[in-house]
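# An overview of the molecular structure
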Amino acid sequence: DPAQATGTVTIASGSGAITIVINGVTAASETWATSDTATATALTADINGSTDALVQHLVTATSAAGVVTITATQKSVWGNAVTLSATGTGATASGARLTDGLGGRVAVSTITL
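Residues numbered from 1 in each chain as written. Predicted model: local features only at pLDDT ≥ 70, side-chain atom pairs only at ≥ 80, totals over all residues. Heavy atoms only, no water.

Moving on: the overall build of the chain. Check the secondary structure of the chain and you find 1 helix and 5 strands. Secondary structure elements of the chain occur, N-terminal to C-terminal, as β-β-α-β-β-β. Principal axes of the C-alpha set define a box for the chain whose edges measure 65 × 25 × 20 Å. Every one of the 113 residues in the chain was classed for burial, and the buried ones make up 32%. Restricting the contact set of the chain to residue pairs at least 6 apart, pairs at least 24 apart contribute 58%. (Helix = DSSP H or I, 4+ residues; strand = E, 2+ residues; numbered from the N terminus. Buried < 20%, exposed > 50% of the residue type's maximum accessible area, 1.4 Å probe, protein only. Contact = heavy atoms within 4.5 Å.)

In structure tokens:
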């Protein structure tokens, strides 16, 4: 069955500036707010409000309890190519790319001679 690729950025005892980079683009950057949860909420709003072509319409974000979950918009393996990183004290990305995207259409070319 097709599935969307996902990744997370966990904020634990955060402080200072926290930045999330998606597909090489700074998709979200916030100064640590009153809590890890509040900071994750602000970062999520930044990602969902991005107008950059490498972020907008390719991923969406949700947050809960200091964790930002980034999800590819399409159920397909292509989402596994979306890069992810996080910087800042207490911010940790789940990996260098989104993972677990499955399925999708594969283009097939036929040449008749």
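Right, let's talk about the environment of Gln74 for a bit. With respect to the secondary-structure elements, Gln74 resides in strand β4 (residues 67-75). As for Gln74 and Ala5, which are separated by 69 residues in sequence, their C-alpha atoms are 8.2 Å apart. Excluding residues within four positions of it along the chain, Gln74 makes contact with Ala3 and Gln4.

Quick look at the nonpolar core now. Among the nonpolar cores identified, the biggest contains 23 residues, and Ile20, Ile22, Ile47, Val68 and Ile70 are the most heavily contacted of them. Of all the secondary-structure elements, those providing two or more residues to this core are β1 (4-22), β2 (25-31), α1 (36-48), β3 (59-64), β4 and β5 (84-93). When near neighbours in sequence (up to four residues on either side) are disregarded, Ile47 contacts Ile20, Ile22, Ala27, Ala28, Val55, Val59, Ala61, Val68 and Ile70. (Core = buried A, V, L, I, M, F, W, Y, C linked by side-chain atoms within 4.5 Å.)

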